[in-house]
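These are the residues of each chain, in order.
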Amino acid sequence: MEAWPSVLVSTPVHSGLGEVLSYRHPSVLPAGTLVRVPLGARDVLGIVRDCPGTPPAGLDPVSARPISAVLDALPPLSAGWLQLVRFAGQYYQRSMGEVALGSLPPPLRDLDTVQLARRLKRQEKVAAALPDTPGASADVSPTLHPEQSAALAGLLAADRPVLLFGATGSGKTEVYLRAAEAELDARPDAQVLVLVPEINLTPQLEARLRARFDARFGARAVVCLHSGLTPAQRLAGWLAAHTGRARIVLGTRMAVFASLPGLRLIVVDEEHDPSYKSQDGARYSARDLAVYRAKVEGCRVVLGSATPSLESWHAAEQGRYQRLAMPGRIGGGSLPRLRLVDMNHQPKGAALAPPLLQAMSERVARGEQCLVLLNRRGYAPVLACHACGWKSGCPHCSAYRVFHKIDRTLRCHHCGTASRVPRACPDCGNLDIAPVGRGTEQLEEHLAELLVDVRRPDGSPVRVARMDADSTRLKGALEAQLDALHSGEVDVLVGTQMVAKGHDFRRITLVAALNADAALFASDHRAPERLFALLMQAGGRAGRDALHSEASELWVQTWHPAHPLFAHLRTHDFAGFAASELTEREAAGMPPFAHQALLRADARTQEAAQGFLNAAARAAQELPGSEDVTLYPAVPLTIQRVANVERAQLLIEAASRPVLQRFLAAWQPGLLACRSDPAARGLLRFAVDVDPLAL
Ligand code: ADP
Ligand code: ZN
Ligand code: ZN
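(A) Spatial organisation of the pattern of salt bridges. Applying the stated criterion across every chain, the model contains 40 salt bridges. Among the ionic pairs, R187 bridges to D189, the shortest N-O distance being 3.1 Å. Here E317 makes a salt bridge to R323, at a shortest N to O gap of 3.0 Å.

Next up, the structure:
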């Protein structure tokens, strides 16, 4: 019987082509079938959304083009999956086709039926060659601690999303593993999705999952999905998940869209991490989509963190999520003691206060390790001429180029422009141009000098190392640096916040944060929340070995020691901190008590960017329901120009999610028209960011 499939293709919402395109086919195709269809002169991958037996209204049956090929070597995508991408498209103001096709592994978009069948066959062969039941290396599950048992029982009994609020080192991972085990044992086709915020964190968790599950479910049961894989690896992982052969999928935010026909459990580890929010294309939150997906699939979802996002914490307070707490640390280690250094009473200009330096020297002399956090890469954030006031501004951005001493370059961290450091001031010829401020490179150098007379227990000199995006750029560099640290080759590690995440640094007994103050008074209302999480997490690195934990310390240099954030930090009281932040947010009408979206515009000139936003704001006044939302004036971004593109944004706020959603949906078509407003000449692109993380 002739049918009229509606097919999702990768058309952006702005293309005006519509959500789906209609084709014809000699028979009815199940929804979710992968097909190849003609689009203009090309032949593209598509997904059947639905397939009525009569031509849809408005379609001329004669002119409808036939589907080119059906990729029937693959089972169709599930109804739950289609529902997920439909929701994601609607909620984040993109087209369903864009989200759906964009989530598939790139090679799948280019394969024809024959190539795909060949690829699948080859995969089966590779999989069959893997040992199905490996030998003795399998690890044994430890006996759960009482807090873990209680959390696991609570999790398995929960009828809502679970917020696992467990201190660093409380053994959350073990709880995830047991919950996964329970689901996988219950049904032979069950699948588990585990999300982590960063690619860096996948290797150690993958190793743990394999050690635990390979023996039970075979060496093919665990697959990874993240952007660090080759296209072929991504395709292989995706196919394994889609065909049900993979039982556990471990991945970063993109993996929330993996096709998992047997999905029974989703784990979102470090759920507070901003990396779960995509910053381009569809700006989705993988954490929020995980919760939605679990609802659609009727499966479990657990969000884990020692410092949950205030959104999740608030949801737990309201009872929408079930909170399960594990306050204790495995092995009984206590959390580090907070040592605040009041910089008002320290010698001027010292990067490290003398008492902190003293404490570090003592630790190193005892054979312990220290971690020093500084959130600034490079040698110095700016180079300046004291004769004429020249500064190393970036010619393409409204930002300074950072001085990197190692290769004597000035590098812009926004557009990537790099050039050699000039010998003399480009403006006045003065030879005396000097770095201003301090980055990790300089701190590493400085610390090596300050600690030069200190000896390790074996009499050898102190070793200082640095770990940041620059030092780990080369493949394998991060692993090598972690190894050096674990094996005790390094005594003092200087790094950006990337070192605070997830890694297990057993012998670190002192963590120091040098410039925490910036976040205390930032205009971004999420800055204190991030600082608290960073310090708790960094502190959690310290004293994991009970042997050392009694003496472990978290040092914070600050000009504002009386700030309330530190009082909560001192007692490791996240609940108290969250309560006071939420009270402030409620009073200020901020999320999670209000719901926000940003309309962002990029243009050749700031006038054009704002001109577009102003036109959009005028169009909004005409819409029904516009009185229920607040539109703020268009403003330039903090870093207004990047790579010669001027950037501006407009904040939209509403008291409830549905109100905001209704408004955005009504606004969307009008935004397209605003592109041609005379004031918007020079507009390059615009995008809507729903639930933005940074304003
Ligand atoms: P978290 O993710 O909560 O910070 P981890 O899951 O990394 O904590 O656990 C901390 C350490 O405790 C790990 O080395 C882990 O292997 C160990 N561990 C977890 N649960 C147990 C247990 N029940 N018995 C013994 N060791 C455990
Ligand atoms: Zn000069
Ligand atoms: Zn630049």
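On we go from here.
(B) Region of interest: the layout of surface pockets. Taken as a whole, the second largest pocket spans an internal volume of roughly 1000 Å³. C224, H226, G228, L229 and Q233 are the residues nearest the centre of the second largest pocket, which is lined by 38 residues in total. Those elements that provide at least two residues to the lining of the second largest pocket are α4 (113-129), α7 (202-217), β8 (222-225), α8 (231-242) and α13 (477-486). With 7 residues, α8 is the single largest residue contributor to the lining of the second largest pocket. Here the lining of the second largest pocket is composed, by residue class, of 20 nonpolar, 9 polar and 9 charged.

(C) Highlighting the sheet that holds strand β13 (residues 337-342). Spatial strand order, β13-β23-β22-β14-β21-β20: 6 strands in an open sheet with parallel pairing. The open sheet has two edge strands with one neighbour each: β13 and β20 (464-467). Put simply, the sheet's adjacent strands are angled 20° from each other on average, direction ignored. Strand direction decides the pairing type here: strand β14 (residues 369-373) and strand β22 (residues 508-513), joined by 5 bridges, are parallel.

(D) Representation of empty space enclosed by the protein within the structure. Applying the stated criterion to the full structure yields 1 cavity of 30 Å³ or more. For the largest cavity, the calculated volume is near 50 Å³. In this structure, the largest cavity is lined by T173, Y176, L177, A180, V194, L205, L209 and V267. For the lining of the largest cavity, the elements supplying multiple residues, two or more each, are α6 (172-186) and α7. In terms of residue count, α6 provides more of the lining of the largest cavity than any other element does, 4 residues in total.

(E) Broad picture of the site of ligand 1. Inspection of the region around ligand 1 gives 17 residues, with T143, Q148, G169, K172 and T173 positioned closest. The contact in question runs from an oxygen atom of ligand 1 to an N or O atom on the backbone of S170, over 3.3 Å. At 2.9 Å from an oxygen atom of ligand 1 is found a main-chain nitrogen or oxygen belonging to K172. When ligand 1 sits alone it has 560 Å² of accessible area, and the protein chains cover 75% of it. If you tally residues by element for the shell around ligand 1, the top one is α6, at 3 residues. In terms of residue class, the shell around ligand 1 is built from 4 nonpolar, 8 polar and 5 charged.

(F) Structural view of the pairing of strand β10 (residues 263-269). Across the 7 residues that make up β10, a large majority, 7, are buried. In the sheet, strand β7 (residues 191-195) pairs with β10 via 5 bridges, with the strands oriented parallel. Across the sheet, residue Q191 finds its bridge partner in β10, namely L263. Across 5 bridges, β10 lies against strand β11 (residues 300-305) in parallel orientation.

(G) Geometry of unusual backbone geometry. With an omega of 5°, the peptide bond between P591 and P592 qualifies as cis. Among the secondary structure elements, P592 is positioned in the loop between α18 (574-588) and β24 (595-603). Positive phi outside glycine occurs at H572, with the angle close to 50°. With respect to the helices and strands, the residue H572 is situated in the loop between α17 (564-570) and α18. Even without being glycine, A643 reaches a positive phi, approximately 50°. Here A643 shows up in the loop between β26 (635-642) and β27 (645-654).

(H) A look at the packing of aromatic side chains. Summed over the entire model, instances satisfying the criterion amount to 14 aromatic pairs. Ring plane angle 50° and centroid distance 5.7 Å describe the contact between F165 and F574, whose orientation is recorded as tilted. Here F165 is found in strand β6 (residues 162-166), whereas its partner F574 is found in helix α18, with 409 residues between them in sequence. For F165, a relative accessible area of 19% corresponds to the buried category. Each member of the aromatic cluster is reached from another via a ring pair, and the members are F165, W313, F532, F574 and F577. In this structure, R323 is placed above the aromatic ring of W313, and the distance from its NZ or CZ to the ring centre is 4.3 Å.

(I) Quick look at a positive patch on the surface. A cluster of basic side chains, namely R118, K121, R122 and K125, defines a positive patch on the protein surface. Tracing the backbone shows R118 in helix α4.

(J) Layout of the nonpolar core. Counting 129 residues, the largest nonpolar core has I47, L599 and W667 as its most contacted members. In terms of residue count, the dominant contributor to this core is helix α19 (residues 606-621) (8 residues). Among the nonpolar cores identified, the runner-up in size contains 32 residues, and Y176, L265, V302 and M326 belong to it.

(K) The arrangement of the coordination of the zinc ion (ligand 3) in detail. In this structure, C394 (SG), C397 (SG), C412 (SG) and C415 (SG) serve as the protein donors to the zinc ion (ligand 3), at separations of 2.2 to 2.4 Å. For the zinc ion (ligand 3), the 4 donor atoms in the first shell make angles of 106 to 113° at the metal, a pattern classed as tetrahedral. Of note, the donors binding the zinc ion (ligand 3) are all from one chain and are spaced C-x2-C-x14-C-x2-C. Judged by its relative accessible area of 27%, C415 is partly exposed.

(L) Seen up close, the coordination of the zinc ion (ligand 2). Around the zinc ion (ligand 2), the protein contributes the donor atoms C385 (SG), C388 (SG), C425 (SG) and C428 (SG), which lie 2.2 to 2.4 Å from the metal centre. Classification of the site at the zinc ion (ligand 2) as tetrahedral follows from its 4 donor atoms and the range of 105 to 113° in their angles at the metal. Here the donor residues of the zinc ion (ligand 2) are spaced in sequence according to C-x2-C-x36-C-x2-C. We classify C385 as buried; its relative accessible area is 3%.

(M) Representation of helix α5 (residues 146-157) within the structure. If you check α5, its first and last C-alpha atoms are 16 Å apart, about what 12 residues at 1.5 Å a residue would give, namely 16 Å. Listed in full, the buried residues belonging to α5 are Q148, A151, L152, G154 and L155. Taken around the axis of α5, the buried residues stretch over an arc of 165°, which confines them to a single face. For α5, the exposed residues lying more than 90 degrees away from the buried face are P146 and A157. Against β6, α6, β11 and β12 (322-326) lie the buried residues of α5.

Cut-off values and rules
Throughout this description, residue numbers start from 1 for each chain and increase along the sequence as written. All chains are assigned letters beginning at A, and all ligands numbers beginning at 1, according to the order in which they are written. Side-chain atom pairs in this predicted model are given and counted only at pLDDT of 80 or more, local residue features only at pLDDT of at least 70, and totals for whole chains, interfaces and linings cover all residues. Calculated side-chain values reflect all of the structure's heavy atoms, with hydrogen atoms and water omitted. The rule for a salt bridge is simple: a side-chain nitrogen of Lys or Arg has to be within 4 Å of a carboxyl oxygen of Asp or Glu. Each cavity reported here is a set of points on a 1 Å grid over the protein atoms alone in which a 1.4 Å probe fits but cannot get out, each pocket an open set with protein on both sides within 12 Å along at least five of seven lines, and each lining residue one with an atom within 4 Å of a point. Grid points are joined across faces, edges and corners, and a volume is the space filled by probe spheres set on the points. The numbering of helices and of strands both runs from the N terminus, where a helix is a DSSP run of H or I of at least 4 residues and a strand a run of E of at least 2. The residue classification treats Ala, Val, Leu, Ile, Met, Phe, Trp, Tyr, Cys and Pro as nonpolar and Asp, Glu, Lys and Arg as charged. All others, Gly included, are polar. Should DSSP find at least two bridges between two strands, the strands are regarded as paired. A fitted line through C-alpha atoms serves as each axis, taken over the contacting stretch for helices, and the angle formed by two N-to-C directions is quoted from 0 to 180°. Only a single heavy atom is needed: when it lies within 4 Å of a molecule or strand, its residue is near that molecule or strand. Distance and chemistry together define a polar contact, namely a pair of N or O atoms within 3.5 Å, with one atom able to donate a hydrogen and the other to accept it when in protein, and with adjacent residues in sequence counting only for side-chain atoms on both sides. Using a 1.4 Å probe, the Shrake-Rupley method yields the accessible areas, and only the shown protein chains count as cover for residues. Summary of the burial criterion: residues with accessible area below 20% of their type's maximum are buried, those above 50% are exposed, and those between are partly exposed, where the area comes from a 1.4 Å probe applied to protein chains only. When the centres of two rings from Phe, Tyr and Trp lie within 6.5 Å, Trp using its six-membered ring, the rings pair. Their planes under 30 degrees apart give stacked, over 60 give edge-to-face, and anything left gives tilted. Placement of a charge over a ring requires the Lys NZ or Arg CZ to be within 6 Å of the ring centre, with the centre-to-atom vector within 35 degrees of the ring normal. Patch membership is restricted to residues that have no salt bridge and whose relative accessible area is over 30%. Joining uses 9 Å for like charges and 5 Å for the nonpolar side chains Val, Leu, Ile, Met, Phe, Trp and Tyr. Positive charges come from Lys and Arg, negative ones from Asp and Glu, while His and the chain ends are left out of the count. In this description, the location of a charge corresponds to atom NZ of lysine, CZ of arginine, CG of aspartate or CD of glutamate. By nonpolar core we mean a set of buried residues, namely Ala, Val, Leu, Ile, Met, Phe, Trp, Tyr and Cys, connected to one another through side-chain atoms within 4.5 Å. The donor set comprises N, O and S atoms within 2.8 Å of the metal, extended to 3.2 Å for Na, K and Ca; water molecules are omitted, so apparent gaps in a site may simply reflect that omission. Each label reflects the angles at the metal, where four donors whose angles all fall between 85 and 135 degrees are tetrahedral, four or six donors whose opposite pairs open beyond 155 degrees and whose other angles stay between 65 and 115 are square planar or octahedral respectively, and the rest are irregular. One less than the number of residues in a helix, times 1.5 Å, gives the span that helix is expected to have. It is the directions from the helix axis to the C-beta atoms whose arc is reported. Between two residues, a contact is recorded if the distance between any of their heavy atoms is within 4.5 Å.

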